[in-house]
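Fold and geometry: a report
Residues per chain are reported as follows:
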Amino acid sequence: MAESTVQNAHEMRAIGDLEAVHVLSVQDAASQNLMLEGYLRLYIDRCRDQRRLDEKTIKAYGCDIIQFMAWLNEGSLQFDRESMRSYVAHLNHKWAASTVRRKLVSLRA
């Protein structure tokens, strides 16, 4: 019971953190993909050059973000708060809590 409460608190905090996500104003899915891919490249470069993260960590972050982008494309969804909430729900049904937290760290950054 206590473990479930702690996990739910983590999930709610993660959803609360998603409030900082801004809606991207894009015309279509292709424009959104190009913009997100550009942000991904910048983020990976920052992780490598400024944050000096391990290559395995960088690879995991990149995979997590690419998986999110693929999920957006599958559902023809726009990158916004509601899609982030839906993605968190999708992850919670599919992965362990620790994996969900890591994937959300990748997306928050």
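Residues numbered from 1 in each chain as written. Predicted model: local features only at pLDDT ≥ 70, side-chain atom pairs only at ≥ 80, totals over all residues. Heavy atoms only, no water.

1. Remarks on the packing of aromatic side chains
Heads up, the condition is: Each Phe, Tyr or Trp ring (for Trp, its six-membered ring) is paired with any other whose centre lies within 6.5 Å, and the angle between the two planes then decides the class: stacked below 30 degrees, edge-to-face above 60, tilted in between. The way it works is that DSSP assigns letters per residue, a run of H or I at least four long becomes a helix, a run of E at least two long becomes a strand, and they are numbered from the N terminus. Residue burial is assigned from relative accessible area. The probe radius is 1.4 Å, only protein chains are included, and a residue is buried under 20% of its type maximum, exposed over 50%, and partly exposed in between.
As enumerated under the stated definition, the model contains 5 aromatic pairs in all. Centre to centre, the rings of Phe68 and Phe79 are 5.6 Å apart; their planes meet at 75 degrees, and the pair counts as edge-to-face. Here Phe68, found in helix α3 (residues 55–74), pairs with Phe79, found in the loop between α3 and α4 (81–94); they are 11 residues apart in sequence, far enough to count as distant. Using a relative accessible area of 2% as the deciding quantity, one classes Phe68 as buried.

2. Looking at the side chain of Asp64
The cut-off we apply is this: We call two N or O atoms a polar contact when they sit within 3.5 Å, provided that within protein one can donate a hydrogen and the other can accept it, with sequence-adjacent residues counted only if both atoms are side-chain atoms. Any two residues whose heavy atoms approach within 4.5 Å are treated as being in contact.
Here Asp64 lies in helix α3. Judged by its relative accessible area of 2%, Asp64 is buried. Engagement of the side chain of Asp64 in a polar contact is seen with the side chain of Arg102, the distance being 2.7 Å. With near-sequence residues (within four places) excluded, Asp64 lies in contact with Tyr87, Arg102, Lys103 and Ser106.

3. Some details on the side chain of Ser83
Within the element layout of this structure, Ser83 appears in helix α4. Residue contacts for Ser83: discarding those within four places in its chain leaves Trp71, Leu72, Leu77 and Gln78.

4. Overview of the confidence of the model for the protein chain
Going by this rule: pLDDT measures the predictor's confidence residue by residue and takes values from 0 up to 100.
Per-residue confidence for the protein chain gives a mean pLDDT of 78, with 75% of residues at or over 70. Here helix α1 (residues 2–17) stands out as the least confident element of the protein chain, with mean pLDDT 43; α4 is the most confident, with 93. Overall, residues 1–26 carries pLDDT values under 50, and its contacts beyond four positions in sequence, including any with other chains, amount to 30 contacts.

5. Quick notes on the nonpolar core
Put simply, the rule is: What makes a nonpolar core is a set of buried Ala, Val, Leu, Ile, Met, Phe, Trp, Tyr and Cys residues whose side-chain atoms join them at distances within 4.5 Å.
One finds Tyr43, Ile65, Phe68, Leu72, Phe79, Tyr87 and Leu107 to be the most contacted residues of the largest nonpolar core, which totals 20 residues. Residue assignment for this core shows that the elements contributing at least two residues are α2 (29–49), α3, α4 and α5 (97–108). Take this core: its biggest share by element is 7 residues, from α3. Not counting residues within four places of it along the chain, the set of residues in contact with Phe68 comprises Phe79, Met84, Tyr87 and Leu107.

6. Structural notes on α5
What counts is decided by this rule: Multiplying 1.5 Å by the helix residue count minus one yields the expected span of that helix. When we speak of the arc, we mean the arc of directions from the helix axis to the C-beta atoms.
Taking 1.5 Å as the rise per residue, α5 with 12 residues should run 16 Å; its terminal C-alpha atoms sit 16 Å apart, in good agreement. For α5, the set of buried residues is Val100, Lys103, Leu104, Ser106 and Leu107. Buried residues of α5, seen end-on, are gathered within an arc of 155 degrees and therefore sit on one face of the element.

7. Describing the pattern of salt bridges
What counts here: By convention in these notes, a salt bridge is any Lys or Arg side-chain nitrogen within 4 Å of a carboxyl oxygen on Asp or Glu.
In the structure shown here, the tally under the stated rule is 5 salt bridges. One salt bridge in this structure joins Arg48 and Asp45, with 3.9 Å as the shortest N-O distance. Of this pair, Arg48 and Asp45 both sit in helix α2, separated by 3 residues, roughly a single helical turn. Judged by relative accessible area, Arg48 falls into the partly exposed class, the value being 35%. We note a salt bridge from Arg85 to Glu82, for which the minimum N-O separation is 4.0 Å. Taken together, the residues Arg85 and Glu82, both in helix α4 and 3 residues apart, mark about one turn of the helix. Salt bridges linked by common partners bring Asp45, Arg48 and Glu55 together as one network.

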